[in-house]
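Each chain, written out:
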Amino acid sequence: MKRLMFAAAVAAGMGAFALESANIVGFNTDTITATKFNMVSVPFEGTDGNGFKINDCLSGLNLVGTDSAFTADQIQIWDAATGAYDNWYYYNNNDQYTGWWDVKTGEKLFESVYPNGLPAGSAFWYKSAAAATQNGSVTVAGQVPEAEAVDVEILKGKFNMVAYPWPMGFKLNDANAVSWAGATGTDSAFTADQIQIWDAATGAYENWYYYNNNDQYTGWWDVKTGEKLFESVYPNGLPAGKPFWYKAAAGEGSFEINFAK
């Protein structure tokens, strides 16, 4: 269950108003499936206009914090360029040091490495600890990004973790919301770019590929049958804050996904 709420006393037209002003603040809550990997994104920026700072902007219920990285919840941030994760664990020993600290040394608080926070549209794995006995939730809070457009770099031949950078549903085939001009589209799921959406409850991905054969069917279609357009399964788009892997076809260099508000 996902919940999006804006802290604005607006009745009719609240959604449209909420995306017009960077002063609109709100929060987005995601369920954390116990003992599993959960993919979480950040559709907000900090209320100071900088990036999302985990120790200031993330809270939760039924999270597992301990004095050991091996038994606590972890946040894992993917770096497509290096093919490695930057790992943080939730330290909680009922003292003043409660917060997210790096796994390798346990001596760096998250904000000491990311003083400006994570940009809106960032995504990460939330690894629920093996000791978790019930599902939890994480809430990310902040203000709606002021930018009217955001470009996200995609490295070719790599897996890239991506999310729509505003707190609203995202339709992959909506030309007003996104441009895939640099994407690799073909008539085969095996040679085209793919989008892979993780389901923590089932431990499986839902896969879509970018079909482009210079005809009217250009767009994101399901990999299994090639017969379902993305919006036929998600008529309202991906829920706000739902991230995904972008698996870019083999090649050199990079391109940009152009997201629009």
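For the structure, see preceding data.
Here goes a summary of the coordinates provided. (Residues numbered from 1 in each chain as written. Predicted model: local features only at pLDDT ≥ 70, side-chain atom pairs only at ≥ 80, totals over all residues. Heavy atoms only, no water.)

### Comments concerning the pairing of strand E16 (residues 244–247)
Item 1. In this sheet, E16 lies alongside strand E11 (residues 159–162) in antiparallel orientation, the contact comprising four bridges. Note that in E16 the partner of Val 162 across the bridge is Phe 244.
Item 2. In the sheet, strand E13 (residues 194–199) pairs with E16 via three bridges, with the strands oriented antiparallel. Paired with Ile 195 across the bridge in E16 is Tyr 246. (Pairing = 2+ DSSP bridges. Helix = DSSP H or I, 4+ residues; strand = E, 2+ residues; numbered from the N terminus.)

### Brief notes about the sheet that holds strand E3 (residues 37–41)
Item 1. Strand order in the open sheet made by the five strands is E3-E8-E5-E6-E7, with antiparallel pairing throughout. Only two strands of the sheet have a single partner each, and these edge strands are E3 and strand E7 (99–102). Strand-to-strand twist of the sheet, defined as the mean angle between neighbouring strand axes without regard to direction, takes the value 30°.
Item 2. Looking at chain direction, strand E5 (residues 74–79) and strand E6 (residues 84–91) are connected through six bridges and run antiparallel. In the strand pairing of E6, Gln 76 is matched with Asn 87. (Axes fitted to C-alpha atoms, helices over the stretch in contact; angles between N-to-C directions.)

### What about the pattern of salt bridges?
Item 1. Counted by the stated rule, this structure contains two salt bridges.
Item 2. Residues Lys 53 and Asp 48 are paired through a salt bridge, measuring 3.6 Å at the closest nitrogen-oxygen approach.
Item 3. The partner of Glu 148 in a salt bridge is Lys 261, with the nearest N and O atoms 3.6 Å apart. In this pair, Glu 148 sits in the loop between strand E9 (136–143) and strand E10 (149–155) while Lys 261 sits in the segment after strand E17 (254–260), placing the two residues 113 residues apart along the sequence.
Item 4. Under the relative-accessibility criterion, Lys 261 is labelled partly exposed at 23%. (Salt bridge = Lys/Arg side-chain N within 4 Å of Asp/Glu carboxyl O. Buried < 20%, exposed > 50% of the residue type's maximum accessible area, 1.4 Å probe, protein only.)

### Points about the packing of aromatic side chains
Item 1. Inspection of the entire model under this criterion finds 26 aromatic pairs.
Item 2. With centroids separated by 5.7 Å and ring planes inclined at 80°, the aromatic side chains of Phe 37 and Trp 125 adopt a geometry described as edge-to-face. Separated by 88 residues along the polypeptide, Phe 37 in strand E3 and Trp 125 in strand E8 (residues 123–127) bring together distant segments of the chain.
Item 3. In this structure Phe 37 comes out as partly exposed when scored by relative accessible area, which is 33%.
Item 4. Here the aromatic rings of Tyr 97 and Trp 101 are separated by 6.5 Å at their centres, their planes lie at 70°, and the arrangement is edge-to-face.
Item 5. Exposure remark for Tyr 97: the relative accessible area of 44% places this residue in the partly exposed category.
Item 6. Take Trp 101: its relative accessible area is 15%, and that puts it in the buried class.
Item 7. Following the ring pairs from residue to residue traces out a cluster consisting of Phe 37, Trp 78, Tyr 85, Trp 125, Phe 159, Trp 198, Tyr 205 and Trp 245. (Phe/Tyr/Trp six-rings, centres within 6.5 Å; stacked < 30°, edge-to-face > 60°.)

Nothing here speaks to function; it is geometry throughout.
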